[in-house]
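# Survey of secondary and tertiary structure
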Amino acid sequence: EGMTSLRVDGFGADRPRPSPSLLAQPAEPPASPPTEAPAETTGGGGAEACDVDCETAHEDALMARYVTRRRTQLLRTHRAFAIAAWSGMLITEVLGTIQSVNQPTWFGDGACTSDPEAFGCHQSSMITGLHEGFAITTTALYTTAAILAVAAPDPESASVGDGRSERTLRLHKTMAWVHGVGMVLLPLLGVVTAHPQILGISQEAQGDFSRAMRTVHTVIGYSTFAALTFSAWIEL
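Small disclaimer: the values here were computed from a predicted structure and weren't measured.

Turning to the state of the cysteines, a few remarks are in order. Put plainly, a disulfide is one covalent bond tying together the sulfur atoms of two cysteines. All chains considered together, the criterion is met by one disulfide. One disulfide bridge connects Cys 112 with Cys 121, the sulfur atoms lying 2.0 Å from each other. One disulfide, between Cys 112 and Cys 121, carries an S-S torsion of -105° and so falls in the left-handed class. A relative accessible area of 23% places Cys 112 in the partly exposed class. With relative accessibility at 14%, the residue Cys 121 sits in the buried group.

Grouped together as the largest cluster of nonpolar side chains are twelve residues: Ala 85, Met 89, Tyr 142, Met 183, Leu 186, Leu 189, Val 192, Phe 209, Met 213, Ile 220, Phe 225 and Leu 228. Counting residues per element, this core draws most heavily on helix H6 (residues 206–235), at five residues. If sequence neighbours within four positions are ignored, Leu 186 has contacts with Met 89, His 217, Ile 220, Gly 221 and Thr 224.

Let's shift gears to the packing of aromatic side chains. For the coordinates displayed, the defined rule picks out two aromatic pairs. Their ring planes at 25° and their centres at 5.7 Å tell us that Trp 86 and Phe 225 sit as a pair that is stacked. A residue pair is termed long-range when its members are at least 10 positions apart, and Trp 86 in helix H2 (residues 44–102) and Phe 225 in helix H6 qualify at 139 residues. Assessed through its relative accessible area of 27%, Trp 86 is described here as partly exposed. Residue Phe 225 is classed as buried on the basis of its relative accessible area of 17%. Note on Phe 230 and Trp 233: the rings are 5.9 Å apart at their centroids and 25° apart in plane angle, and the pair reads as stacked. Here Phe 230 pairs with Trp 233, and both are found in helix H6, just three residues apart, close to one helical turn. For Trp 233, a relative accessible area of 64% gives the class exposed.

Here Tyr 142 shows up in helix H4 (residues 124–151). By relative accessible area, which is 14% here, Tyr 142 ends up buried. Spatially, the C-alpha atom of Tyr 142 lies 9.4 Å from that of Gly 88, the residues being 54 residues apart in sequence. The contacts of Tyr 142, once residues within four sequence positions are left out, are Ala 85, Ala 176, His 179, Gly 180, Met 183 and Leu 228.

Per the counting criterion, the structure on display carries two salt bridges. Measuring nitrogen to oxygen at the nearest pair gives 3.2 Å for the salt bridge that ties Asp 109 to Arg 211. With Asp 109 in the loop between H2 and helix H3 (111–114) and Arg 211 in helix H6, this residue pair connects regions lying 102 residues apart in the sequence. Arg 211 gets classed as partly exposed once you look at its relative accessible area, which sits at 23%.

So, on to H4. In this model, H4 (28 residues) spans 40 Å end to end at C-alpha, consistent with the 40 Å of a helix rising 1.5 Å per residue. Restricting attention to buried positions, one finds in H4 the residues Ile 127, His 131, Thr 138, Tyr 142, Ala 145 and Leu 148.

Bringing the packing of helix H5 (residues 164–194) against H6 into the picture now. Direction vectors running N to C along H5 and H6 enclose 155°, while the axes themselves pass 8 Å from each other. As far as their axial angle goes, H6 and H5 are roughly antiparallel. Relative to H6, the crossing made by H5 is left-handed. For the contact of H5 with H6, the class distribution of residues is 16 nonpolar, eleven polar and two charged.

Criteria and cut-off values
- Residues numbered from 1 in each chain as written.
- Predicted model: local features only at pLDDT ≥ 70, side-chain atom pairs only at ≥ 80, totals over all residues.
- Heavy atoms only, no water.
- Disulfide = S-S within 2.5 Å.
- Buried < 20%, exposed > 50% of the residue type's maximum accessible area, 1.4 Å probe, protein only.
- Core = buried A, V, L, I, M, F, W, Y, C linked by side-chain atoms within 4.5 Å.
- Helix = DSSP H or I, 4+ residues; strand = E, 2+ residues; numbered from the N terminus.
- Contact = heavy atoms within 4.5 Å.
- Phe/Tyr/Trp six-rings, centres within 6.5 Å; stacked < 30°, edge-to-face > 60°.
- Salt bridge = Lys/Arg side-chain N within 4 Å of Asp/Glu carboxyl O.
- Expected span 1.5 Å × (residues − 1).
- Axes fitted to C-alpha atoms, helices over the stretch in contact; angles between N-to-C directions.
- Parallel < 35°, antiparallel > 145°, perpendicular 65-115°, else oblique.
- Left-handed = near helix turned anticlockwise from the far one by under 90°.
- Nonpolar A, V, L, I, M, F, W, Y, C, P; charged D, E, K, R; others polar.

Printed below as a string of structure tokens:
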């Protein structure tokens, strides 16, 4: 007992017969593949935070686009009024030059004093009226252009930096101060030149006073027009 018994098969060969104790052992079940652990689910708080952040970013993008579009529109309109103001000032300067040549200044007694038939002497009143009309129109156009330039938003400080565009914009703003001061002085000088009595100038001194003011008015007029032209050239 305990030893493997023998049996004879049909071919006459003895073969070992397995012990009953071995036959009684059950077969091991096949190992099942390891199951993957379920992925951790993300809570709803992260999605809500993403929604809030995305909405805020979207609103910021819309606001930035609005500011940029508004700045572009205002500067485009500013450029149109600035060109119109430059054109009006060109005509004003031509008419003012005719008056300065014909009337007394520090540069001479005027062409009409030596030659009453000189160009513009007979039309002096008409030239003076046109000069004043274009001066008023130019001042109005210039003031509108200046207001539009100041009103244009500049959230990124376009003139701050060392790049070429930043330096050009700073130069443009500097020239704006130059021709801006000139545009304030020119109407005042024109009024006191034509009407010195409003300052209490005596009748005897009005001739010399008008000569001096006319000279200063002419010099400032050329300087202002040169600064405005240079500023327009920078802009374009």
